[in-house]
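Below are the chains, spelled out letter by letter.
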Amino acid sequence: MRRMDRRKFVTGAAGTVAGVMGTAVMAGDAAAAPRGGGRPGWPGGPRDALRRELRGMWVATVANVDWPSKPGLSAAAQRAGLIAYLDEAVARRLNAVILQVRPSADALWPSPYEPWAECLTGVQGKDPGWDPLGTAVQEAHSRGLELHAWFNPYRVANHTDPSRLSAAHPARLHPEWVLSYGGKLYYNPGLPEVRAFVQDAMLDAVRRYDIDAVHWDDYFYPYPVAGQSFEDGAAYAKYGAGFPDRAAWRRSNTDTLVREMSERIKALKPAVRFGISPFGVWRNASTDPLGSRTDAGVQTYDDLYADTRGWIKKGWIDHVCPQLYWNLGFAPADYAALVPWWADVVRGTGVDLFIGEALYKAGDPAQPAAWQDPAELSRHVDFAAAYDQVRGHVYFSGKSVVTDRIGAMNRVVADHYRSRARPPR
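Residues numbered from 1 in each chain as written. Predicted model: local features only at pLDDT ≥ 70, side-chain atom pairs only at ≥ 80, totals over all residues. Heavy atoms only, no water.

The next point concerns the overall build of the protein. Within the protein, the regular secondary structure consists of 14 helices and 11 strands. Considering the protein as a whole, with its 425 residues, one finds that 61% of them fall into the buried category. Accessible area for the protein stands at about 15,500 Å²; split by element, carbon and sulfur atoms hold 52% of it. (Helix = DSSP H or I, 4+ residues; strand = E, 2+ residues; numbered from the N terminus. Buried < 20%, exposed > 50% of the residue type's maximum accessible area, 1.4 Å probe, protein only. Areas by Shrake-Rupley, 256 points an atom, 1.4 Å probe, with all protein chains shown as cover.)

Pasting the structure below:
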């Protein structure tokens, strides 16, 4: 996930505490009671205190967005920083931490496929002297938290110089796998060998650790960059026969990655869930009558070649967490229009719906007036409570949960998280 640049909304042309859960205070041990009673889709419907729900936060490691606070800290300092985030989750009565463990085709565990992550030591491939993912799983579970391992399938680097990658990096050993676009390096999703490799690299963590879920964000094909082309013509010429156009072929490549990963996770560890957190707009209704009542400049189906709605309908994922990073009443992409749209998409599919929330916008002076109100996110949780399909919320990101610039997270906790809750199963 991008921090501020990706999380801006663009219209027009696509741009771009510690302690074990006690049964006496835990919600979620009884069947969900009926909800509703207020006007559908509007705050005021009664909340079901017994309902299981996910309460999560993302902890981003790419470019040291959240953790580690900077590269090159000692192993002890890194471990202490990670545990501080887990303790913060407990203090906020959250129940899941989504930790980015493969930020840029490198790893936060001793992977036989990819080098150690640069964010740890400042030198890609350098052993940090401990196992961050293994520690995160153990320490999260000891606190009653789920640990979701967040992987980015195709991003190789936030620059275009392969010589800056570690000498043994797969992108240097296989330069034919890599494309430069928008100032970054990406693996080419159109190559079957790339799709097989990135799956193998991610499944190594699933095999070795007791993670609760595999989590992908919104990056498949990269976000469009004005005036630039993603130069995958050679792969299209080789593999694109039978598709009406390159867009359909690209979507098929992404579909194949998702379907194959889903099948392989279930074959390896059936209890591990597979979730994806896409950009919040699949398609606008003006593009497709099945789309949402939005006027988004980015549509995942058309611009990222990711048919997020299709994956739900086909049962390839266990949960979806759309990034609904806009306020109630934001005309191009109204939170009040998108929550019911996603609820309708998952209805009857067995796929859980969690809502990604833009805590990082709260109190940011560059954001609209709604985000200067500490109650905006609490109103989101109220609004979503009218929809049975919404099974929780996830907040971006860990640093914003800790600093809580204007008290928006405090307000959510006070209004909605008065006791701990068990995540859905």
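Attention now moves to unusual backbone geometry. Cis geometry is found at the peptide bond from Trp-67 to Pro-68, where omega equals -20 degrees. For Pro-68, the location among the structural elements is in the loop between strand E1 (54-59) and helix H2 (75-91). Between Phe-396 and Ser-397 the backbone carries a cis peptide bond, its omega angle lying at -5 degrees. Along the chain, the position of Ser-397 falls in the loop between strand E11 (390-395) and helix H13 (398-403). Notably, Arg-93 is not glycine yet its phi reads approximately 60 degrees, a positive angle.

Our next topic: the sheet that holds strand E5 (residues 178-181). Pairing between the strands of a sheet is mediated by backbone hydrogen bonds and can be parallel or antiparallel. Strand order in the open sheet made by the 3 strands is E4-E6-E5, with antiparallel pairing throughout. Edge positions in the sheet fall to strand E4 (155-157) and E5, since each of these pairs with one other strand and no more. Taken pair by pair, the neighbouring strands of this sheet meet at an average axis angle of 35 degrees, ignoring direction. In this structure, E5 lies alongside strand E6 (residues 184-187), joined through 4 bridges in antiparallel fashion. Opposite Tyr-181, over in E6, you have Lys-184 as the bridge partner. (Pairing = 2+ DSSP bridges. Axes fitted to C-alpha atoms, helices over the stretch in contact; angles between N-to-C directions.)

Okay, the confidence of the model for the protein next. The predicted coordinates of low-pLDDT regions are not to be read in fine detail. For the protein, per-residue confidence averages 90 on the pLDDT scale, and 88% of positions sit at 70 or higher. A low-confidence stretch, residues 1-49 stays under pLDDT 50, and its non-local contacts, those more than four residues away or across chains, total 130 contacts. (pLDDT = per-residue confidence, 0-100. Contact = heavy atoms within 4.5 Å.)

Here the focus is the packing of helix H12 (residues 376-384) against helix H14 (residues 408-416). The angle between the axes and the distance between the axes are what describe a pair of packed helices. At a minimum axis distance of 7 Å, the contact between H12 and H14 shows a crossing angle of 35 degrees. The handedness of the crossing between H12 and H14 is right-handed. Contacts from Leu-377, Ser-378, Val-381 and Asp-382 in H12 reach Ala-408, Arg-411, Val-412, Asp-415 and His-416 in H14. Partitioning the contact of H12 with H14 into residue classes produces 4 nonpolar, 2 polar and 3 charged. (Left-handed = near helix turned anticlockwise from the far one by under 90°. Nonpolar A, V, L, I, M, F, W, Y, C, P; charged D, E, K, R; others polar.)

Pairs can form between side chains of opposite charge once their charged atoms are near each other. Here the structure, examined in full by the defined rule, presents 23 salt bridges. Ionic pairing is found between Glu-146 and Arg-425, a salt bridge with its closest N-O pair at 3.3 Å. Remark: Arg-425 occurs in the segment after H14 and Glu-146 occurs in strand E3 (residues 146-151); sequence separation between them is 279 residues. For Glu-146, a relative accessible area of 5% gives the class buried. On the basis of relative accessibility, which here comes to 62%, the residue Arg-425 falls in the exposed class. Taken together, the shared-partner salt bridges connect Arg-79, Asp-87, Glu-139 and Arg-143 into one network. (Salt bridge = Lys/Arg side-chain N within 4 Å of Asp/Glu carboxyl O.)

Turning our attention to the pairing of E6. Here E6 shows two buried faces, one formed by Lys-184 and Tyr-186 and the other by Leu-185 and Tyr-187. As paired elements, E4 and E6 share 2 bridges and run antiparallel to each other. Residue pairing in the sheet places Arg-155 in a bridge with Tyr-186 of E6. Between E5 and E6, which pair antiparallel in sequence order, lie 2 residues; one of them, Gly-182, sits at a positive phi of approximately 60 degrees.

Time to look at the packing of aromatic side chains. Inspection of every chain in the model, using the stated rule, returns 25 aromatic pairs. Taken together, a centroid distance of 5.6 Å and an interplanar angle of 90 degrees make the contact between Tyr-181 and Phe-230 edge-to-face. Within this pair, whereas Tyr-181 is found in strand E5, its partner Phe-230 is found in the loop between strand E7 (213-216) and helix H7 (233-239), the two being separated by 49 residues in sequence. The burial state of Tyr-181 is the same as that of Phe-230; both residues are buried. Between Trp-282 and Trp-341, the aromatic rings sit 5.9 Å apart at their centres with planes inclined by 20 degrees, giving stacked as the arrangement. One end of the pair, Trp-282, is in the loop between strand E8 (273-276) and helix H9 (300-303); the other, Trp-341, is in helix H11 (residues 335-346), with 59 residues separating them in the sequence. Each member of the pair Trp-282 and Trp-341 is classed as buried. The rings of Tyr-181, Tyr-186, Tyr-221, Phe-230 and Tyr-305 are connected pair by pair, giving a single aromatic cluster. Its guanidinium or amino end placed over the ring of Tyr-219, Arg-155 lies 5.2 Å from that ring's centre, counting from NZ or CZ. (Phe/Tyr/Trp six-rings, centres within 6.5 Å; stacked < 30°, edge-to-face > 60°. Lys NZ or Arg CZ within 6 Å of the ring centre and 35° of its normal.)

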